[in-house]
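Chain by chain, the residues:
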Amino acid sequence: AYKQAMINARAAGAQNMIRNARMSKDEAGKILAVEIGEDSEKIVERYEKLFANNDPEKGGSKYLRDKIEVAKKILVDDPLAAAKEAEAAKKKKDSEAGPGDA
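Because the structure is predicted, anything quoted here is derived from the model rather than measured. (Residues numbered from 1 in each chain as written. Predicted model: local features only at pLDDT ≥ 70, side-chain atom pairs only at ≥ 80, totals over all residues. Heavy atoms only, no water.)

## What about the overall build of the chain?
- Of the regular secondary structure elements, the chain holds 5 helices and 0 strands.
- Seen in sequence order, the chain has helices and strands lined up from the N terminus as α-α-α-α-α.
- Counting all 102 residues of the chain, 23% fall into the buried class.
- A sequence separation of at least 24 residues applies to 57% of the contacts in the chain between residues at least 6 apart. (Helix = DSSP H or I, 4+ residues; strand = E, 2+ residues; numbered from the N terminus. Buried < 20%, exposed > 50% of the residue type's maximum accessible area, 1.4 Å probe, protein only. Contact = heavy atoms within 4.5 Å.)

## What about the packing of aromatic side chains?
- The final tally for this structure, using the stated rule, is 1 aromatic pair.
- The ring of Phe51 has Arg65 sitting right over it, with the charged end atom 3.7 Å from the ring centre. (Phe/Tyr/Trp six-rings, centres within 6.5 Å; stacked < 30°, edge-to-face > 60°. Lys NZ or Arg CZ within 6 Å of the ring centre and 35° of its normal.)

## Quick notes on helix H3 (residues 40-53)
- Counted at 1.5 Å a residue, the expected span for H3 with its 14 residues is 20 Å, and the 20 Å between its end C-alpha atoms agrees.
- If you check which residues of H3 are buried, you get Ile43, Tyr47 and Leu50. All buried residues of H3 lie within an arc of 75 degrees about the axis, which places them on one face of the element. Relative to its buried face, H3 has exposed residues pointing more than 90 degrees away, namely Glu41, Glu45, Lys49 and Asn53. (Expected span 1.5 Å × (residues − 1). Arc of directions from axis to C-beta.)

## Here we look at the packing of helix H2 (residues 25-32) against helix H4 (residues 62-76)
- The N-to-C vectors of H2 and H4 enclose an angle of 125 degrees; their axes lie 9 Å apart at closest approach. On the basis of their axis angle, the class for H2 and H4 is oblique. Like other packed secondary-structure pairs, H2 and H4 cross with a definite hand, here left-handed. In this structure, H2 contributes Lys25, Glu27, Ala28, Gly29, Ile31 and Leu32 to the contact, and H4 contributes Lys67, Ile68, Ala71, Lys72, Ile74 and Leu75.
- Considering only residue class, the contact of H2 with H4 consists of 7 nonpolar, 1 polar and 4 charged. (Axes fitted to C-alpha atoms, helices over the stretch in contact; angles between N-to-C directions. Parallel < 35°, antiparallel > 145°, perpendicular 65-115°, else oblique. Left-handed = near helix turned anticlockwise from the far one by under 90°. Nonpolar A, V, L, I, M, F, W, Y, C, P; charged D, E, K, R; others polar.)

## Concerning the pattern of salt bridges
- If you walk through the whole model with that rule in mind, you get 6 salt bridges.
- Between Lys73 and Glu69 there is a salt bridge, with its nearest N and O atoms 4.0 Å apart. Residue Lys73 and its partner Glu69 are located together in helix H4, separated by 4 residues, close to a single helical turn. (Salt bridge = Lys/Arg side-chain N within 4 Å of Asp/Glu carboxyl O.)

This is the structure in structure tokens:
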């Protein structure tokens, strides 16, 4: 019972540390191995692969899995990031259309 309690305490400690720590977008990008401003689909694809690879039941790390989840939330679930991505896509589309095509 003591051994299981220590394992649970370590797992809870990692979760609390991640929740309380502020992860920068730069750090989140490094964790998921994506560029800042990368397409959300690419970020989610990397997230799913890394999340699956770190399954604790298959010998993966719960700590890393928690970090991967936080990184995804910062890069994908951030409403400001989504707005910036939409604006960048609009600018790209407008620049491809040319001045007379608008």
